[in-house]
Amino acid sequence: MAVTLIDVASAAGVSRSTASRALSGSSLISAETRAAVEDAARVLGYRPNRAASALRSNRSHLIGLVMNNLLNATFHTVAEVVQKRAAAGGFQVLLCITDADPARENDVLAMLGEHGVDGTIVIGSGRSAAASNALLEQGRAVVNLIRSVKGSSASTVLADDVTGARDATAHLVELGHSRIGYIGGNEDATSGRERYEGYRLALADAGIPVDGTIVRKGPFTTEFGAEAINSLLDAPQAMTALYAANHEAVFGILPTLVGRGVSVPDELSLICHEDMPWLAMWQPAITVVDNGAAQLANVAMDLLFQQIKDSVDPDGRTYRIGARLVERASCAAL
C-alpha cells in the first residue's frame, strides 16, 4: 500500500495539516517539527503527489534557474545557493542553460511557464523582457540576476561592476602603470558595459586617455580570451598591466600567458574580475575583483521568496551588491 500523508503525520506525532505545511516549507512550522516530519517521510518512503498538490494549491514548488553557461564561477556559486535555499524551502530547481542565445532563452522561459514554476531567476542575455513579463502576468515570480533586462518589470540584482572595475584599474595606476590593457565582454551585457565604464573612469581620474589598441571586447568565451590576449601581446606597443574583465575569457588568458612564457607580475601585472578558488592557487596567486556571488544569489532568492510566499508584487527596482578588490601576488609596481 502507498504511504500517505496521514501515515507520515501519525509517525511524526502531528496533524495532517501540520505535516503538509512542514513538507511544503511553511515558515509557520518550527525547525524541530519540520525535521520530525521530514524524518518520518524519509523512513516511510513517502513521496508527495506533486501534480495533485499543484492543482489544489496552484503551487508547483518548482523554481526555474536560467543561466547562460556553467563555465562562469559566479554562476556555479549562484546555482549552489539557489539549490540550498530552494531545498530548505521545500522547492525543487529546474536548471536551464541557454548559451546566451536570446531565442533559446525565450523558449526556456515559455517552457517554465507551461510547467507552472512558482518562480524563476534569470541570468540571461538581457533580451528576454517580453518572456519574463509574461511569467509575471501569469502570477509567477521573476528576478533578473547579474544582467539587467531593458523593459522587464521584474526586480533585478546586480553587482557594483562600475566600482569594482574602477578600483581594479585604479590599483594598477597607483602601482605606476599607464598602459593598462583591457579584455572584457560585449557592451550589450550589463557586466561588459559597466566594467568597461569603470576602467575608463579610473583612467580618466588619472588623466590617462583610453588607448583603443590595447582594448578588446568580445563574447563570454574561453576562445575569445585566448585570441584577445594573443593579439594584445602581439601589439606594436606593449602593455605593462592587464585588467581581465571577461570572466569566461580568463580560462583562455591564463594558459596563453603561461604558454607564451609571460612572467606575471614581472612582465605583466594582472587583475581578473570575479573570483574562483583556483585563482588563489595559481602561481602567482591572482589579484581579483570579488563580485559577492553568494550575496547576489541570496538577495535574489529573498526577493523571489517574497513574491512566492508573501505574495509581494515585484517592485522593478535594481538592487546592487558591493564589489571588493582582493590583492594577491599578480601585480607589481612598475
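Attention here is on the structure that accompanies the text. (Residues numbered from 1 in each chain as written. Predicted model: local features only at pLDDT ≥ 70, side-chain atom pairs only at ≥ 80, totals over all residues. Heavy atoms only, no water.)

## Things to note about the pattern of salt bridges
Then comes step 1: By the definition in use, this model includes 15 salt bridges.
Then comes step 2: Ionic pairing is found between Lys 84 and Glu 80, a salt bridge with its closest N-O pair at 3.3 Å. Here Glu 80 and Lys 84 lie together in helix H5 (residues 73-88), a separation of four residues that amounts to about one turn.
Then comes step 3: Between Glu 197 and Arg 200 there is a salt bridge whose closest N-O contact spans 2.8 Å. Taken as a pair, Glu 197 and Arg 200 lie in helix H9 (residues 190-205) at a separation of three residues, close to a single helical turn.
Then comes step 4: Classification of Arg 200 by relative accessible area gives partly exposed; the value is 32%.
Then comes step 5: A network of salt bridges, in which partner residues are shared, links Asp 161, Arg 195 and Glu 274. (Salt bridge = Lys/Arg side-chain N within 4 Å of Asp/Glu carboxyl O. Helix = DSSP H or I, 4+ residues; strand = E, 2+ residues; numbered from the N terminus. Buried < 20%, exposed > 50% of the residue type's maximum accessible area, 1.4 Å probe, protein only.)

## Points about a nonpolar patch on the surface
Then comes step 1: There is a patch of nonpolar side chains on the surface, built from Leu 70, Leu 95 and Ile 97 and spanning about 230 Å² of accessible area.
Then comes step 2: With respect to the helices and strands, Leu 95 occurs in strand S2 (residues 92-97). (Patch = residues over 30% accessible without salt bridge, like charges linked within 9 Å, V, L, I, M, F, W, Y side chains within 5 Å. Areas by Shrake-Rupley, 256 points an atom, 1.4 Å probe, with all protein chains shown as cover.)

## A few points about helix H3 (residues 31-44)
Then comes step 1: An ideal rise of 1.5 Å per residue puts 20 Å on 14 residues; H3 measures up with 20 Å between its terminal C-alpha atoms.
Then comes step 2: Along H3, the residues that are buried comprise Arg 34, Val 37, Ala 40 and Ala 41. Projected onto a plane normal to the axis of H3, the buried residues spread over an arc of 130 degrees and lie on a single side. In H3, the exposed positions angled more than 90 degrees off the buried face are occupied by Ala 31, Glu 32, Arg 42 and Val 43.
Then comes step 3: Here the buried face of H3 lies against helix H1 (5-12) and helix H2 (16-24). (Expected span 1.5 Å × (residues − 1). Arc of directions from axis to C-beta. Contact = heavy atoms within 4.5 Å.)

## Describing the packing of aromatic side chains
Then comes step 1: Counted under the stated rule, the structure contains seven aromatic pairs.
Then comes step 2: Between Tyr 182 and Tyr 196, the aromatic rings sit 5.3 Å apart at their centres with planes inclined by 75 degrees, giving edge-to-face as the arrangement. Within this pair, whereas Tyr 182 is found in strand S6 (residues 180-185), its partner Tyr 196 is found in helix H9, the two being separated by 14 residues in sequence. For the pair formed by Tyr 182 and Tyr 196, the shared burial category is buried.
Then comes step 3: A centroid spacing of 5.9 Å and a plane angle of 40 degrees characterise the contact between Tyr 196 and Tyr 199, whose relative ring orientation is tilted. One end of the pair, Tyr 196, and the other, Tyr 199, are both in helix H9, three residues apart, so they sit about a helical turn from each other. Taken individually, Tyr 196 and Tyr 199 each receive the classification buried, so the pair is uniform in this respect.
Then comes step 4: Feature note: the residues Tyr 182, Tyr 196, Tyr 199 and Tyr 243 constitute an aromatic cluster, connected by ring pairs.
Then comes step 5: Stacked on the ring of Phe 220, the Lys or Arg Arg 147 has its end atom at 4.6 Å from the ring centre.
Then comes step 6: When the ring centre of Tyr 196 is taken as reference, the NZ or CZ atom of Lys 217 above it lies at 3.5 Å. (Phe/Tyr/Trp six-rings, centres within 6.5 Å; stacked < 30°, edge-to-face > 60°. Lys NZ or Arg CZ within 6 Å of the ring centre and 35° of its normal.)

## Things to note about the sheet that holds strand S11 (residues 318-321)
Then comes step 1: Spatially, six strands are ordered S2-S1-S3-S4-S5-S11 in an open sheet, and the strand pairing comes out parallel. Every other strand in the sheet has two partners, leaving S2 and S11 as the edge strands with one partner each. For this sheet the average axis-to-axis angle between neighbouring strands, irrespective of direction, equals 20 degrees.
Then comes step 2: Two strands pair when backbone bridges link them, and strand S3 (residues 119-122) and strand S4 (residues 141-145) are joined in this way by four bridges, in the parallel orientation. Looking across to S4, one finds that Thr 120 is bridged to Val 142. (Pairing = 2+ DSSP bridges. Axes fitted to C-alpha atoms, helices over the stretch in contact; angles between N-to-C directions.)

## Quick word on empty space enclosed by the protein
Then comes step 1: Under the criterion given, the structure shown has one cavity of 30 Å³ or more.
Then comes step 2: Taken as a whole, the largest cavity encloses approximately 60 Å³ of empty space.
Then comes step 3: Lining the largest cavity are Asn 72, Thr 74, Phe 75, Ile 146, Arg 147, Ser 191, Arg 195, Phe 220, His 247, Glu 248, Glu 274 and Asn 291.
Then comes step 4: Counting only elements with at least two residues in the lining of the largest cavity, the list comes to H5, H9 and helix H11 (247-259). (1 Å grid on protein atoms, 1.4 Å probe; cavity = no way out; pocket = protein on both sides within 12 Å on 5 of 7 lines; lining within 4 Å. Points joined across faces, edges and corners; volume = space filled by probe spheres on them.)

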